[in-house]
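Residue strings, one per chain:
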Amino acid sequence: MEERNQSRYVKLKKDQLAVRKCIECGQPLPESYAPPADEPWMTGIFGCAEDRESCLTGLFCPCVLFGRNVESLSEETPWTGPCICHAIFVEGGIALATATALFNGMIDPGTSFLIFEGLFFTWWMCGIYTGQVRQNLQKKYHLKNSPCDPCCVHCCMHWCALCQEHREMKGRLSDSVASEMTIVNPPPIQEMKSNDDKEIPEPSSANSNEHTDLEMQAL
């Protein structure tokens with residue numbers, strides 16, 4: 001009776017319930033799973049001259065380069081949205097700061113201080129947003145922080161970071177396309193013959209010649 005009254009369920013501890021899960025997809029990972037090591041970037045943060053096209057685009061139209069980077073990282077997001085957002089807050093903020101500096105004597109000093117303080121705050125907020133994009137890129141390709149935290153990189157070296165991210169995705173995509181186009185030669189075709197085919201003798205060339213050399217003669 002005591003054996004029947006015993007419960008068939010086993011109590012689990014909190015340590016047994018804690019299962020490691022993937023950060024990106026949330027699926028449970030096996031105990032033998034080892035996370036991949038952090039890989040270095042293909043180019044440095046100051047290697048803008050290595051890709052002339054992205055360097056010129058990032059220098060004169062950084063909003064377009066940022067939109068292309070977001071679209072390459074997430075195909076579901078069109079490049080126009082991030083491009084417009086970047087143009088309003090970054091390029092628009094720079095234009096407003098330039099206009100405030102030019103008309104410094106016409107604008108009240110207190111108003112100028114408030115404008116520059118608001119632009120400074122907006123710049124750091126944009127650095128956090130663009131830093132999140134850089135962080136997603138690092139998670140996708142398992143890249144390490146170079147040279148420091150993604151948000152700090154964009155706040156201090158925004159244009160160089162945009163060019164580095166574009167070169168990184170361009171190089172990764174070109175490597176994946178080259179690997180997909182690898183040609184593999186198929187193995188030679190092997191034919192199997194049954195025993196019945198071996199027992200049937202093949203007609204010899206002599207017999208075939210006898211049949212062809214026969215002539216009909218009249219009696």
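Residues numbered from 1 in each chain as written. Predicted model: local features only at pLDDT ≥ 70, side-chain atom pairs only at ≥ 80, totals over all residues. Heavy atoms only, no water.

**Topic: the nonpolar core**
- Ranked by size, the top nonpolar core spans 13 residues in total, and within it Phe 66, Leu 73, Val 133, Leu 137, Tyr 141 and Met 169 carry the most contacts.
- At 4 residues, the largest contribution of residues to this core is made by helix α4 (residues 62-73).
- Contacts of Val 133, omitting those with residues within four sequence positions, involve Phe 66, Val 70 and Leu 73. (Core = buried A, V, L, I, M, F, W, Y, C linked by side-chain atoms within 4.5 Å. Buried < 20%, exposed > 50% of the residue type's maximum accessible area, 1.4 Å probe, protein only. Helix = DSSP H or I, 4+ residues; strand = E, 2+ residues; numbered from the N terminus. Contact = heavy atoms within 4.5 Å.)

**A short note on empty space enclosed by the protein**
- Enumeration according to the criterion identifies 1 cavity of 30 Å³ or more in this entry.
- One number sums up the size of the largest cavity: a volume of about 40 Å³.
- Surrounding the largest cavity, Val 90, Trp 123, Cys 126, Gly 127, Thr 130, His 154, Cys 155 and His 158 form its lining.
- When residues in the lining of the largest cavity are grouped by element, the largest group, 4 residues, is from helix α6 (residues 109-141).
- Partitioned by chemical class, the residues of the lining of the largest cavity number 4 nonpolar, 4 polar and no charged. (1 Å grid on protein atoms, 1.4 Å probe; cavity = no way out; pocket = protein on both sides within 12 Å on 5 of 7 lines; lining within 4 Å. Points joined across faces, edges and corners; volume = space filled by probe spheres on them. Nonpolar A, V, L, I, M, F, W, Y, C, P; charged D, E, K, R; others polar.)

**Considering the pattern of salt bridges**
- Applying the stated rule across the entire model yields 4 salt bridges.
- Residue Asp 51 is joined to Lys 170 by a salt bridge in which the shortest nitrogen-to-oxygen separation is 3.6 Å. On the criterion of sequence distance, the pair formed by Asp 51 in the loop between α2 (14-17) and α3 (52-60) and Lys 170 in helix α8 (residues 158-180) is long-range, its members being 119 residues apart.
- Accessibility expressed as a relative area gives 12% for Asp 51, which makes it buried.
- Ionic pairing is found between Arg 134 and Glu 165, a salt bridge with its closest N-O pair at 3.2 Å. Linking Arg 134 in helix α6 with Glu 165 in helix α8, this pair joins segments that are 31 residues apart in sequence.
- We classify Glu 165 as buried; its relative accessible area is 1%.
- One network of salt bridges, with partners in common, ties together Glu 39, Glu 168 and Arg 172. (Salt bridge = Lys/Arg side-chain N within 4 Å of Asp/Glu carboxyl O.)

**A closer look at the environment of Cys 83**
- In this fold, Cys 83 is placed in helix α5 (residues 80-102).
- Given a relative accessible area of 10%, Cys 83 falls into the buried group.
- Apart from the residues lying within four places of it in its own chain, the contact partners of Cys 83 are Cys 63, Val 64 and Gly 67.

**A few points about the confidence of the model for the protein chain**
- On average, residues of the protein chain carry a pLDDT of 76, and 66% of them reach 70 or more.
- Scored below 50 in pLDDT, residues 177-182 shows 0 contacts in the model against residues more than four places distant or in partner chains. (pLDDT = per-residue confidence, 0-100.)

**Considering the packing of α5 against α6**
- In the contact formed by α5 and α6, the axes pass within 10 Å of each other and the chain directions differ by 155 degrees. Taken as axis vectors, α5 and α6 run roughly antiparallel relative to one another. Taken as a pair, α5 and α6 cross one another with a handedness that is left-handed. Across the interface between the two elements, Pro 82, Phe 89, Val 90, Gly 93, Leu 96, Ala 97, Thr 100 and Ala 101 from α5 touch Ser 112, Ile 115, Phe 116, Leu 119, Thr 122, Trp 123, Cys 126 and Tyr 129 from α6.
- Looking at the contact of α5 with α6 residue by residue, the classes come out as 12 nonpolar, 4 polar and no charged. (Axes fitted to C-alpha atoms, helices over the stretch in contact; angles between N-to-C directions. Parallel < 35°, antiparallel > 145°, perpendicular 65-115°, else oblique. Left-handed = near helix turned anticlockwise from the far one by under 90°.)

**Quick word on unusual backbone geometry**
- Cis peptide bonds are those with omega within 30 degrees of zero, and the linkage from Ser 146 to Pro 147 qualifies with -5 degrees.
- Along the chain, the position of Pro 147 falls in the loop between α6 and α7 (150-156).
- Backbone geometry places His 142, a non-glycine residue, at a positive phi of 55 degrees.
- If you trace the backbone, His 142 turns up in the loop between α6 and α7.
- When its relative accessible area of 35% is taken as the criterion, His 142 is described as partly exposed.

**Things to note about α3**
- Burial in α3 covers these residues: Ser 54, Thr 57 and Gly 58. End-on view of α3: buried residues confined to an arc of 95 degrees, all on one side of the axis. Across α3 from its buried face, at more than 90 degrees, point the exposed residues Arg 52, Leu 59 and Phe 60. (Arc of directions from axis to C-beta.)

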